[in-house]
Amino acid sequence: MRIKIAMLIPVYLAFKVIYFAASETLDDWSLCSRPCGGGVAFREKCTTAADGESVCVEDLKVCNIESCEGTPNPDAWSEMCEQKRTERYQQLNNFAPLLIESEMCRLACFSDDQDGLYKIFEDIQLPDGTQCREDAVCVQGTCQSFGCDGIVGSTSSNDVCQKCGRDGSTCTKEEGQITIGVTETGIDLDVMEIPEGSTTIEIRKPKDKNIFAIEGSRQTEDRSSSVDFEYSEENDLEIIRIPGPTRDIVSVLLRSAEEGPVTMKYTYFIPNDRKTEGNQSEYSWATTPLGDCSVRCGGGIQNLMINCIKTSTGLIYTDSYCADKVKPSYQRVCNTNECKIRWVATDWSRCSNSCGDGVRARNVYCERESPNLFDSVSENIIVPDAECINVEGPKPLSRDLCSGTKCPAAWHVSHWSECDADCFQTRELTCMKEGRPVTLTLCDEHLTPSLLQKCPDCDPKVLVQKREFKWQSDPWSECSADCGEGVRTRDVWCEDVESGDVPKQGV
C-alpha cells in the first residue's frame, strides 16, 4: 500500500523518515512556479519500508531567482496591491507593497494619500518562491530558509572553498599581513593582488582616514571590472569580505588620506589546482623601510617590511609565491655615521658702552649630537673643548671689542677734596669728548655738576681743634727811607700745617 502525504514539510523531516528505508525513489523536478523573480519546483520522494509500506513526501527547491527586470513578468507584490486598490480602495492614488518583518509572506500594501494608511491582507499569501529573506523564500504563506543546494529546509551551506556541502578540502588557506608606509596623501596605493578563483576573502585594517578600494583587473591594466564585496566595521577594525570565487584577479588598493604605516591582515582560500600556477622565478622578496632608524647616528636598527612581490608589476602576493627563496631579515643596521661634533656659540651680548668703544661677550662650548631620535637640538650633549679642537679647530672668541655711536661731549669731575676749615669740599670739572678735554661750551650747561658741597657731619670748631697750625710770613719789604729812620713791613698769618688753609680770625 502506498500512502501519500499531501502537506509540505521541511526536507530534513523526510530524511528522518527514510533513515530506516529499504529503498528510495525520486521523481523529476517539476517546472518552476515562476519564470523569474524567484519560484519553487517540486518533486516527490518515496521510500519503501521493509514491510512494503511506502511513504512519500514532496521536496521543494528554489528556482529562477534571477530578477524579472526586462521581462514581461510583473512584480507579484505590486501587481496584487494594485489589484486590491482597484477592488476596494479606488479613492487612493497609489497602493504600494510594504515589507513587515512579522508578515513577510502576507500581502501588505501602503498608501501615502491618507497619512500612511497600510493594510495587511491575511488571506492573501505571496507566491511560493518569493524571497522573504536573503536565504529564505515564502512557502504556503510562511518564510522558510533554504540551503546552498536550493532545497527548502536544507541545512547545507558552502564551505570555505564555496563548495556546497563540502568539507573545505578542495582549497588551501593563504593568510598573512602586509604593512605599507603612506608618505603621500590623495593617491591610490597598490597593496596586493588576490588570485582569480579565490574564495572566502577577508581583509582587515585599523580604522583611520585611509580608504579601502577593491577592484577586479582580469590580469590587464584595465581596472574597470568591479567586484562585489561586503564592508563592515567591528570594534576598531574595518573589514572587507568577498565570498567568491572571484572571476578576476582582485586588486587591493588604499586611497591615502593620512601619512604613516598601515598594516592589513588578509585571509583567503585558493583552489588546490591553482595553488602552483605561475612561475616562481617571477616573484621575489622586497624590503621596504618601516619607520625611521632607531637613532640619528652612532649605529641603530631599522625595521623592514618584507613582502613577496611579482617582479614585473611590483604588486604584493602571499609568501608562498617566494617560498623557494631565502626570506630577508626584518631588521637592518642603519645610521652608522659618527654623531656630529661642533662648536656652538650663543648670540653676542650688547656692547658694554652705549657709545664709543666697549666689549661684548658670548658663551662658546663644544657639543655632540644626541643619538636619540626623539631628542631636540637642545638635548645634545656638551663635551670637553678638546673634542671640538681635534675636529673643528681652535675655539671661537668669547669676548670681542665693539663700538657704538660717537659719544657727545660730557662733563667729567674729579674726586671730592678734603673738607676745608669751613667744612666744604670742592672738585674739578672738565668737558670731555672722545677721551679728550674740550672747551666747556660743548657740554650741556643744564647738566653741569655741582663743584661745591658741605661736608656731612662736620663742625668747624671741632675741626680746628684737631688741626695743627703755625705762623707764616712773607719776606720784609724795602725800608721806607734811604737815610735816617724808616719803616719796613711784611705779611704774617696763621696757617694749617697739613692743608695750608688760613683759618678764620681768632683761631
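One structure accompanies this document, and this report is about it. From a predicted model like this one, the values you see are computed outputs, not experimental measurements.

**Focus on the state of the cysteines**
Here the structure, examined in full by the defined rule, presents 15 disulfides. Disulfide pairing places C308 opposite C322 at an S-S distance of 1.9 Å. Since a negative S-S torsion denotes a left-handed disulfide, the C308-C322 link at about 80° is right-handed. Separated by 14 residues along the polypeptide, C308 in strand 20 (residues 300–310) and C322 in the loop between strand 21 (316–317) and strand 22 (331–334) bring together distant segments of the chain. Given a relative accessible area of 0%, C322 falls into the buried group. Two residues share a disulfide in this structure: C419 and C455, whose sulfurs sit 1.7 Å from each other. Residues C419 and C455 are joined by a disulfide whose S-S torsion is about -125°; by sign, that bridge is left-handed. Taken as a pair, C419 in the loop between strand 28 (410–413) and strand 29 (424–426) and C455 in the loop between strand 32 (452–454) and helix 4 (460–465) lie far apart in primary sequence, 36 residues in all. The exposure class of C455 is buried, given its relative accessible area of 3%. Of all cysteine sulfurs in the structure, the one in C483 sits closest to C479, which takes part in no disulfide; the separation is 9.6 Å. C479 sits in the partly exposed class, given a relative accessible area of 40%.

**A short note on the nonpolar core**
Counting residues in each nonpolar core, the largest one holds 33 residues, and the members touching the most others are V191, M192, I194, I203, I214 and V252. Among the elements that take part in this core, strand 18 (residues 260–271) stands out by supplying 5 residues, more than any other. Counting residues in hydrophobic clusters, the runner-up holds 16 residues, among them F95, M104, L126 and A136.

**Considerations on the environment of L237**
Along the chain, the position of L237 falls in strand 16 (residues 237–242). The partly exposed category is assigned to L237, whose relative accessible area is 28%. Spatially, the C-alpha atom of L237 lies 5.6 Å from that of K205, the residues being 32 residues apart in sequence. Among residues more than four places away in sequence, those in contact with L237 are R204, K205, P206, K207 and S232.

**Remarks on the sheet that holds strand 30 (residues 429–433)**
Overall, antiparallel pairing links the 3 strands, which are arranged 28-30-31 in an open sheet. Of all strands in the sheet, those with a lone pairing partner are strand 28 and strand 31 (436–438), marking the two edges. Neighbour-to-neighbour, the strand axes of the sheet open up by a mean angle of 55°, direction not taken into account.

**Quick word on the packing of aromatic side chains**
As enumerated under the stated definition, the model contains 2 aromatic pairs in all. Where Y283 meets Y321, the ring centres are 4.8 Å apart and the plane angle is 55°; that geometry is what we call tilted. With Y283 in strand 19 (residues 283–289) and Y321 in the loop between strand 21 and strand 22, this residue pair connects regions lying 38 residues apart in the sequence. Stacked on the ring of F212, the Lys or Arg K205 has its end atom at 5.6 Å from the ring centre. Looking at R360, its charged tip hangs above the ring of W348, at a distance of 4.2 Å from the centre.

What counts, and at which threshold
Counting from 1, residues in each chain are numbered in the order their sequence is written. Since the coordinates come from a predicted model, pLDDT governs what is reported: local features require at least 70, and pairs of side-chain atoms require 80 or more to be given and counted, while whole-chain, interface and lining totals use all residues. Note that the side-chain values use all heavy atoms of the structure and ignore hydrogens as well as water. The definition used for a disulfide is geometric: two cysteine sulfur atoms within 2.5 Å. Each helix is a run of DSSP H or I of at least 4 residues and each strand a run of E of at least 2, with the numbering of both proceeding from the N terminus. Working definition: with a 1.4 Å probe on protein chains only, accessible area under 20% of the residue-type maximum means buried, over 50% means exposed, and in between means partly exposed. The nonpolar core is taken to be a set of buried Ala, Val, Leu, Ile, Met, Phe, Trp, Tyr and Cys residues, with the residues joined through side-chain atoms within 4.5 Å. We call two residues in contact whenever any of their non-hydrogen atoms come within 4.5 Å of each other. Only when DSSP finds a minimum of two bridges between them are two strands counted as paired. Helix axes are fitted to C-alpha atoms over the stretch in contact, other axes to C-alpha atoms as well, and angles between N-to-C directions run from 0 to 180 degrees. Pairing of aromatic side chains here covers Phe, Tyr and the six-membered ring of Trp, requires ring centres within 6.5 Å, and sorts the geometry by plane angle: under 30 degrees stacked, over 60 edge-to-face, intermediate tilted. The criterion for a charge sitting over a ring is simple: Lys NZ or Arg CZ within 6 Å of the ring centre, and within 35 degrees of the ring normal.

It is worth stressing that arrangement in space is one thing and function is another; only the former is reported here.
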